[in-house]
Amino acid sequence: MQTLDELDLYHMPMSDPAMGENPWPHFEKAREKHPWLAVWDEYGYVIHSYSAMRELFPREELRPPYADVVKELGQEGTPWGRFTEEQMIALPPREHRLLRDTFAAKFTPRFANQLRPMMRATISKLLDEWATSGKMDFEAFASHFPISVMFGLVGAPHEGIGLLRDDLEAIGLAYSFQLERFPRIQEGMVRIEEFVEDTIAERRANPTNRSEDEEDLLDLLIRVGDEGNISHQQLKDLISFFFIAGYDTSKNVLTYTMYTLLDHPDIYKRCAEDYEYCKKVIEEALRWFNPGTVTRYVDKDVEFRGVLLPKDTMLFFPLSVSGRDPVTFPDGQTFDPDRPIEPERRQIAFALGPHMCLGQYIARAQLQEAIHQIAQRIRDPKLAGEPAWRPFPGTWGLIGLPIEFTPGEAVVKETEPA
Ligand code: HEM
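Cut-offs applied
Numbers given for residues are sequential positions, taken from 1 along each chain in its written order. For this predicted model, a pLDDT threshold of at least 70 governs which residues receive local features, and a threshold of 80 or more governs which side-chain atom pairs are given and counted, while totals over whole chains, interfaces and linings are taken from all residues. Each helix is a run of H or I in the DSSP string that is no shorter than four residues. Each strand is a run of E no shorter than two, and both are numbered from the N terminus. What the globule rule says is 2.2 Å times the number of residues to the power 0.38, and the radius of gyration is computed from C-alpha atoms. The burial label depends on the number of other C-beta atoms within 10 Å of a residue's C-beta. Counts of 20 or more mean buried, 12 or fewer mean exposed, and intermediate counts mean partly exposed, with C-beta atoms placed from the backbone. We call two residues in contact when their backbone-placed C-beta atoms lie within 7 Å. Whether a residue is near a molecule or strand depends on its C-beta atom, generated from backbone atoms, being within 6 Å of that molecule or strand. We call Asp, Glu, Lys and Arg charged. Ala, Val, Leu, Ile, Met, Phe, Trp, Tyr, Cys and Pro are nonpolar, and the rest, Gly among them, are polar. Strands are treated as partners if at least two bridges between them are detected by DSSP. All axes are obtained by fitting lines to C-alpha atoms, using only the stretch in contact for helices, and the reported angles, taken between N-to-C directions, cover 0 to 180 degrees. Any angle between 65 and 115 degrees counts as roughly perpendicular, while under 35 counts as roughly parallel, over 145 as roughly antiparallel, and the rest as oblique. We call a crossing left-handed when the near helix sits turned anticlockwise from the far one by less than a right angle, and right-handed when that turn is clockwise. The nonpolar core criterion groups buried Ala, Val, Leu, Ile, Met, Phe, Trp, Tyr and Cys residues into a set whenever they are joined through C-beta atoms within 7 Å. Working rule for helices: expected span equals 1.5 Å times residues minus one.

Chemist: Would you mind showing me how to read the overall build of the protein here?
Modeler: The number of helices and strands found in the protein is 17 helices and 13 strands. A compact globule built from 418 residues would reach a C-alpha radius of gyration of about 22 Å, and the protein, at 21 Å, matches this within 12%. Seen through its C-alpha atoms, the protein measures out along the principal axes to roughly 60 × 50 × 40 Å. Out of the 418 residues belonging to the protein, those deemed buried represent 39%. Looking at the protein alone, contacts between residues at least 24 apart form 73% of all its contacts between residues at least 6 apart.

Here it is, written out as structure tokens:
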């Protein structure tokens, strides 16, 4: 068995802004040195092959790093620190499983389908506001999309969206490890918690009494939480986490999907007409690009493919580039929504194992609904300026996407099938 010190690994410049702009040559160089491992300065090791990510990421010897990060940043006892240490993804395995099991069975494709009419109405309203002038910054538009949908899903009045969107932008940068950002992050965290508290109180005071087949996300979370004896604080944290976990992930995927489709006008046009095809486009988009580099600590020594990964090593899993690993996807540099989905080569944007994204069906549904309506209302989009890039680690994606287009009419309204 080899130790990490014995390996000659590529040094991945993860935090270099140039890596955010174009990470691909770095992964090529990493593969030339080692089939699945690279090193990132003193921070840890980067698992760069699709197959190694799939095998290693779900192993029980690895632990999510969130509580450790709070300590590292000196944020214990602050609103963001408390939330980050206690949110479901950071809980010890047994507590996490109990909380997750309470809700997981309900987060099905069927439930996501139930939410589609509400998503459609929300996206349509947003397009009424944004898609009439023939030009826009698509990233700014997309930043209103997941939060508006979440407001729709919990039945909150839309007036509060602007400020909360800014708060989510700020909180999304917590993992950039820049301490000067924390006063703004704490302010945002306090506001989100107050908003969630008020939203729960309002719904408890005015229950919708909907049947299970008609309930919205908030009805479901309150009902299932009460049945499973979930505490008020845990319920609040879960709803806050849904806002945070679903915000820049969905925004960045939607923005990059549009950026990609600018080069594929035929695929884009078909999205306007063919609702089912939008599902294939989003699945391919999640293989092609996704925002996540997820992190784990090794909790107990792990031997993997002949290499010893010692306890307390930090591992980075760039799921973001996994779908274009040429070893698994020899034809991966072609964007092809008709590509067959084979179980051993499916996209892993939502991660794997015990923390696999709980909101994945909701995320897919909202992206599918969005692209279908966007393609109807934003016709013949063209790039009208160069976008910039976010840092590669954390939640990667475009900054700004100026486009010009011909405003179009919505062809299909709320009657679309689920
Ligand atoms: C395209 C959009 C999305 C992407 C790419 C995405 C990706 C991910 C990834 C990679 C993880 C695992 C993180 C880790 O293990 O460290 C995760 C977890 C999670 N996501 Fe998502 N997500 C998306 C949207 C959403 C939405 C919309 C929601 C809620 C409505 C959501 C809720 C969650 C939750 C609750 C977890 C934690 C699950 C657990 O710890 O058991 N996500 N997501």
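Further notes follow.
Chemist: Whenever I open this one, the site of the ligand confuses me. Can you help?
Modeler: Residues in contact with the ligand amount to 25 residues; listed here are only the nearest, Ile89, Gly246, Thr249, Cys357 and Gly359. Elements with a minimum of two residues in the shell around the ligand: α13 (232-261) and α17 (360-377). Tallied by class, the residues present in the shell around the ligand amount to 17 nonpolar, 7 polar and 1 charged.

Chemist: Whenever I open this one, the pairing of strand β6 (residues 294-298) confuses me. Can you help?
Modeler: Counting buried positions along β6 gives 4 out of 5 residues, so the element sits mostly inside the fold. Two elements, strand β4 (residues 62-63) and β6, share 2 bridges in a ladder whose sense is antiparallel. When the sheet's bridge partners are listed, Leu62 is paired in β6 with Val298. Across 4 bridges, β6 lies against strand β9 (residues 314-317) in antiparallel orientation. When the bridges of β9 are listed, Tyr297 appears paired with Met314.

Chemist: Looking at this structure, I do not really get the environment of Ala384. What am I missing?
Modeler: Along the chain, Ala384 turns up in the loop between β10 (378-383) and β11 (388-389). When the 14 C-beta atoms within 10 Å are taken as the criterion, Ala384 is described as partly exposed. Once the C-alpha coordinates of Ala384 and Leu319 are considered, the two residues, 65 residues apart in sequence, prove to be 29 Å apart. Not counting the four nearest positions on each side in its chain, Ala384 is found in contact with Lys135, Pro402, Ile403 and Glu404.

Chemist: Could you clarify how one ought to interpret unusual backbone geometry in this entry?
Modeler: A negative phi angle is the norm for most residues apart from glycine, just as the trans form is the norm for most peptide bonds. With a phi close to 65°, Ala351 is a non-glycine residue in the positive phi region. Structurally, the position occupied by Ala351 is in the loop between α16 (319-322) and α17. Ala351 gets classed as partly exposed once you count the C-beta atoms within 10 Å, which come to 18. If you check the backbone angles, Asp380 has positive phi at about 45° while not being a glycine.

Chemist: What's the story with the packing of helix α14 (residues 265-273) against helix α15 (residues 275-288) in this structure? I'm lost.
Modeler: Relative placement of two packed helices is described by the angle separating their axes and the distance separating the axes. Between α14 and α15, the shortest axis-to-axis distance is 6 Å and the interhelical angle comes to 135°. Overall, the two elements α14 and α15 adopt an arrangement that is oblique. For α14 against α15, the interelement crossing comes out left-handed. The segment α14 lies against α15, with Ile267, Arg270 and Cys271 engaging Tyr277, Cys278 and Val281. Here the contact of α14 with α15 is built from residues that sort into 5 nonpolar, no polar and 1 charged.

Chemist: Just to check I follow, could you spell out the packing of α14 against α17 for this structure?
Modeler: Where α14 meets α17, the closest approach of the two axes is 7 Å, and the angle between their N-to-C directions is 105°. As judged from the angle between their axes, α14 and α17 are roughly perpendicular. On the side of α14, the interface is formed by Tyr268, Cys271 and Ala272, while α17 contributes Ile371, His372, Ala375 and Gln376. Here the residues of the contact of α14 with α17 are counted per class, giving 5 nonpolar, 2 polar and no charged.

Chemist: How do you make sense of the nonpolar core when you look at a structure like this?
Modeler: For soluble globular proteins, nonpolar side chains are generally found buried alongside one another. Grouped together as the largest cluster of nonpolar side chains are 97 residues, with contacts concentrated most on Ile47, Met53, Phe145, Met150, Phe243, Phe317 and Ile371. For this core, the leading source of residues is α13, giving 12 residues. Dropping the residues within four chain positions of it, Phe243 is found in contact with Met150, Leu168 and Ile192.

Chemist: Explain the pairing of strand β3 (residues 44-47) here, please?
Modeler: Both faces of the sheet carry side chains from a regular strand, because those side chains alternate between them. Judged from the 4 bridges that link them, strand β2 (residues 37-40) and β3 form a sheet pairing that is antiparallel. What sits directly across from Ala38, in β3, is Val46. Hairpin remark: β2 followed by β3, antiparallel, with 3 residues in the connecting loop; positive phi at Asp41, about 35°. For β3 and β9, the ladder comprises 2 bridges, and the chain directions are parallel. Across the sheet, Tyr45 pairs through a bridge with Leu315, a residue of β9.

Chemist: Hey, could you run me through helix α11 (residues 182-205) in this one?
Modeler: An α-helical turn contains 3.6 residues, so any two residues separated by three or four positions project in the same direction. Over its 24 residues, α11 extends 34 Å from the first C-alpha to the last, a length consistent with the 34 Å expected when each residue adds 1.5 Å. Listed in full, the buried residues belonging to α11 are Ile185, Gly188, Met189, Ile192, Phe195 and Val196. On the buried face of α11, the contacting elements are α5 (79-86), α10 (161-172) and α13.

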